[in-house]
Amino acid sequence: LDEDIYISKNIDTISSGALRECTNVNVFTIDKQNQKFTIEDNIVYKTTANTKSLLISLAPNINKKEITIPEGVTNLSVGALGNFKKIETLNLPSTLSDIAGGWPFDGCGDTLETITIPESNKTYKVVDNMILTKNGEKLIKASMNREEVVIPDSVKIVGIASITGGKIEKVIIGDNVETIEGQSFRHISKVTEFFIGQGVKDISPEFRQEASFSGHVNLIINDENPNYVVEGNFILTKDRKNLISPINNEKNVVVPNGVETVENLALMGAETIKLPSSIKEIKNLGYNS
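Here the structure is a predicted model, which is why all the values come from computation and not from measurement.

S.K.: Which residues make up the nonpolar core, and what are the values?
M.R.: Among soluble globular proteins, nonpolar side chains are generally buried collectively. Judged by nonpolar contacts, the single largest core of 30 residues is most densely connected at I173, F185 and F194. Elements with a minimum of two residues in this core: strand 12 (130-133), strand 13 (138-142), strand 17 (170-173), strand 20 (193-196) and strand 22 (218-221). Within the second largest apolar cluster, 24 residues are counted, among which are I69, F105, I115 and I117.

In structure tokens, the structure reads:
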């Protein structure tokens, strides 16, 4: 949270995410002999022979509503866009080739509605204001200023931190999605409806660990899904032997009979947890106090 940062001539690496949440930085001084870092339009970049990484935006950009990342930028690091608190439109360059999942957007305002990228970009494309890999098979990031997220039919992988936003109320994951990665859903506290299609065969136990569900979420898995089922407040494997994840936070937790492995039982506010005699392994109790 420092207001001033000085980078000496000897520093050649700033780890991804090191400057995350540094929203008060007004003055970022780089020693004249340091050739690794540059500042352009109050944005700090690291430049090498083959890459130009956006590291952090400085405080003067916090109120900007439209941001255009210039041509030549190849990488978006963790937290890179987090200081664009009031952004509504994001224009990405054709040169962009490496986005660190949804993490560059961590801290970015829920006002982000429009995302554009030139068709000439060889790595990514935008569909319905969602950043996808060029082949359309992986969701990198969906814009946050929306009430409903419907995953495009081409998507097979819902990527880490790809769906975030305090305005989202409904999520529909269609039948073509096969994988839901860990922490795919973050800070989606208003979600009440959540649908998972029949094609999903790999749900990370931590997929909703940072979702911050504040109310009751009605999570439905297609009855024809051969791998997972919803029973009570839990996602279980179809044979009901593995508990993948709870759905809603609750005070009195009763794990269903027959469950042998608890992959993840991360809950907020739990006071009692009742386990069945069938339990053989508990991998993660998460945030339980």
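S.K.: Talk me through the sheet that holds strand 18 (residues 179-180); I want residue IDs and the actual numbers.
M.R.: On the basis of which strands lie adjacent, the open sheet formed by 6 strands has the order 11-12-13-15-18-21 and mixed pairing. Each end of this open sheet is capped by a strand with a single partner; those strands are strand 11 (124-127) and strand 21 (202-203). Across 2 bridges, strand 13 lies against strand 15 (residues 157-158) in parallel orientation. Within the sheet, the bridge partner assigned to K138 lies in strand 15 and is I157.

S.K.: Please provide a residue-by-residue account of the sheet that holds strand 22, values included.
M.R.: If you walk across this open sheet you meet the 4 strands as 14-17-20-22, and the pairing is parallel. Looking at which strands have only one partner, the edges of the open sheet turn out to be strand 14 (148-150) and strand 22. Each adjacent strand pair in this sheet contributes to an overall mean axis angle of 5°, direction not counted. In the sheet, strand 20 pairs with strand 22 via 4 bridges, with the strands oriented parallel. Within strand 22, the position partnered with F195 by the bridge is I220.

S.K.: Outline a nonpolar patch on the surface, supporting the account with residue identities and numerical values.
M.R.: On the surface, I273, L275, I282 and L285 cluster together into a nonpolar patch covering about 310 Å² of accessible area. Inspection of the secondary structure assignment puts I273 in strand 28 (residues 272-274).

S.K.: So, the packing of aromatic side chains: which residues are in play, and what are the values?
M.R.: The tally for this structure, following the rule as stated, stands at 3 aromatic pairs. For the pair F185 and F194, a centre-to-centre distance of 4.9 Å together with 65° between the ring planes defines the contact as edge-to-face. On the basis of an interplanar angle of 75° and a centroid distance of 6.1 Å, the ring pair of F194 and F207 is categorised as edge-to-face. Placement of the pair is F194 in strand 20 and F207 in the loop between strand 21 and strand 22, with a sequence separation of 13 residues. We note that F194, like F207, is buried. Pairwise contacts between aromatic rings join F185, F194 and F207 into one cluster.

Cut-off values and rules
- Per chain, the residues get numbers from 1 upward, laid out in the order the sequence is written.
- Local features in this predicted model are restricted to residues whose pLDDT is 70 or higher, and side-chain atom pairs enter the listing and the counts only when it is 80 or higher, whereas totals over whole chains, interfaces and linings include all residues.
- Only hydrogens and water are set aside; all other atoms, that is, all heavy atoms of the structure, feed into the side-chain values.
- The definition of a nonpolar core used throughout is a set of buried Ala, Val, Leu, Ile, Met, Phe, Trp, Tyr and Cys residues joined through side-chain atoms within 4.5 Å.
- Exposure classes here rest on a 1.4 Å probe applied to the protein chains alone. A residue is buried below 20% of its type maximum, exposed above 50%, and partly exposed in between.
- Secondary structure is summarised from DSSP: a helix means a run of H or I of at least four residues, a strand means a run of E of at least two, and numbering begins at the N terminus for each.
- For two strands to pair, DSSP has to find at least two bridges joining them.
- Between N-to-C directions, angles span 0 to 180 degrees; the directions come from axes that are lines fitted to C-alpha atoms, helices contributing only their stretch in contact.
- Residues forming no salt bridge and having over 30% relative accessible area are the ones grouped into patches, like charges within 9 Å of each other and nonpolar side chains (Val, Leu, Ile, Met, Phe, Trp, Tyr) within 5 Å.
- Areas reported here follow the Shrake-Rupley algorithm with a probe of radius 1.4 Å; residue values treat only the protein chains shown as occluding.
- For this analysis, a salt bridge means a side-chain nitrogen from Lys or Arg found within 4 Å of a carboxyl oxygen belonging to Asp or Glu.
- Ring pairs shown here join Phe, Tyr and Trp side chains whose ring centres sit within 6.5 Å, with only the six-membered ring taken for Trp; geometry is labelled stacked below 30 degrees between planes, edge-to-face above 60, and tilted in between.

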